[in-house]
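Understanding the architecture of this molecule
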Amino acid sequence: MKYLIYVFSILILGSCTTRLETKEYVEYVRNPKNGLVIRNSFGDMVVEIQYEPSDYLALKELRGIKLNDAEFAKVKERFQDYIYFKTEIYSNRGMLFGSIDSLTKESYDSQLKFHFNDYAYLVNCSDTLKCLMSQYDNTGGVGDRYSFEMIFEKKELLSDSLKFHFQDKLMRTGIEDFNFSISTDAIKNIPDFKI
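The rules behind these values
Residues numbered from 1 in each chain as written. Predicted model: local features only at pLDDT ≥ 70, side-chain atom pairs only at ≥ 80, totals over all residues. Heavy atoms only, no water. Helix = DSSP H or I, 4+ residues; strand = E, 2+ residues; numbered from the N terminus. Buried < 20%, exposed > 50% of the residue type's maximum accessible area, 1.4 Å probe, protein only. Contact = heavy atoms within 4.5 Å. Polar contact = N/O pair within 3.5 Å; in protein donor to acceptor, adjacent residues only side chain to side chain. Pairing = 2+ DSSP bridges. Axes fitted to C-alpha atoms, helices over the stretch in contact; angles between N-to-C directions. Salt bridge = Lys/Arg side-chain N within 4 Å of Asp/Glu carboxyl O. 1 Å grid on protein atoms, 1.4 Å probe; cavity = no way out; pocket = protein on both sides within 12 Å on 5 of 7 lines; lining within 4 Å. Points joined across faces, edges and corners; volume = space filled by probe spheres on them. Nonpolar A, V, L, I, M, F, W, Y, C, P; charged D, E, K, R; others polar. Phe/Tyr/Trp six-rings, centres within 6.5 Å; stacked < 30°, edge-to-face > 60°.

As for the environment of Lys 163
Within the element layout of this structure, Lys 163 appears in strand 8 (residues 161-167). In this structure Lys 163 comes out as partly exposed when scored by relative accessible area, which is 32%. Here the alpha-carbon distance between Lys 163 and Asn 124, two residues 39 residues apart in the chain, equals 6.6 Å. Every residue in contact with Lys 163, bar those within four places of it in the chain, is listed here: Tyr 121, Leu 122, Val 123, Phe 180 and Ser 181. Looking at Lys 163, its side chain comes within polar contact range of the side chain of Ser 161, at 2.7 Å. Within the structure, the side chain of Lys 163 is placed 3.3 Å from the side chain of Ser 181, a separation counted as a polar contact.

Here you go:
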């Protein structure tokens, strides 16, 4: 009888954890309804941030390569000490900077490549976490969309929301501080990924 109770308990507890297949997991992370993607409009400008969990980053890196649990865990481990966000900035009207000369555009691109991380930070309760590194995805102005991968030091999530701030000292939008709140519950409750 004790054996049956034990087996039944394992089945009940095991079924409480949601584990998603690759496609469903990626869709979950990218779906704004789940709180990991925040999109705000500021006039004609749209700023979108997406929290990227370590499972998601490992999947992006592997790009469909099938691995066993141990191999996947090894790739995922590289991403676990930091908090990652993807940030996209674009305009509803087509051109983010309007018509500017190529020299000014080059100056903007240079600033975005090398100084974007100087203007972004996270607030976690009373801790301010500086952006350690950002990677600017320069599309050469195609689609006039600016995309950044951003890395922050990982700390225990102490408040009910993580505040993402970007101070605009580069694009001259007139908005000094773009800020977003990401629910820490949304981050803590991401379903497990099933290999």
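Some points on the sheet that holds strand 2 (residues 37-42)
Strand order across the open sheet formed by eight strands is 2-3-4-7-6-5-8-9, with antiparallel pairing between neighbours. Each having just a single partner strand, strand 2 and strand 9 (177-183) make up the two edges of the open sheet. Across the sheet, the mean angle separating the axes of adjacent strands is 25 degrees when strand polarity is ignored. The pairing of strand 6 (residues 127-137) with strand 7 (residues 146-153) spans six bridges and is antiparallel. Opposite Ser 134, over in strand 7, you have Met 150 as the bridge partner.

Thoughts on the pattern of salt bridges
For the structure on display, the rule yields eight salt bridges. Of the charged contacts in the structure, one is a salt bridge between Glu 61 and Arg 78, with a shortest N-O distance of 1.9 Å. One end of the pair, Glu 61, is in helix 3 (residues 54-62); the other, Arg 78, is in the loop between helix 4 (69-77) and strand 4 (82-91), and 17 residues separate them in sequence. Glu 88 is the salt-bridge partner of Lys 86, the closest N and O atoms lying 3.6 Å from each other. Under the relative-accessibility criterion, Lys 86 is labelled partly exposed at 24%.

Details of the pairing of strand 7
Of all eight residues that make up strand 7, six are buried, and the element is covered over most of its length. Where strand 4 and strand 7 come together, eight bridges link them in antiparallel fashion. What sits directly across from Lys 86, in strand 7, is Glu 149.

Side note on the environment of Tyr 146
Mapped onto the fold, Tyr 146 is located in strand 7. When the C-alpha atoms of Tyr 146 and Asp 109 are compared, they prove to be 9.5 Å apart, with 37 residues separating the residues in sequence.

Observations regarding the layout of surface pockets
Volume-wise, the largest pocket comes out at about 350 Å³. Here the lining of the largest pocket is composed, by residue class, of twelve nonpolar, two polar and seven charged. In this model, the second largest pocket occupies a volume close to 300 Å³. For the lining of the second largest pocket, the elements supplying multiple residues, two or more each, are helix 2 (22-30) and helix 3. By residue number, the principal contributor to the lining of the second largest pocket is helix 3, which donates four residues. For the lining of the second largest pocket, a count of residues per class yields nine nonpolar, two polar and six charged.

Structural notes on the packing of aromatic side chains
Following the criterion strictly, the structure yields ten aromatic pairs and no others. Both rings, one in Phe 79 and one in Tyr 84, keep their centres 5.7 Å apart while their planes meet at 75 degrees; by these two values the pair is edge-to-face. Seen in terms of ring centroids, Phe 85 and Phe 152 are 6.1 Å apart; in terms of plane orientation they differ by 85 degrees. Their pairing is edge-to-face. On the criterion of sequence distance, the pair formed by Phe 85 in strand 4 and Phe 152 in strand 7 is long-range, its members being 67 residues apart. Of the two residues examined, Phe 85 and Phe 152, each falls in the buried class.

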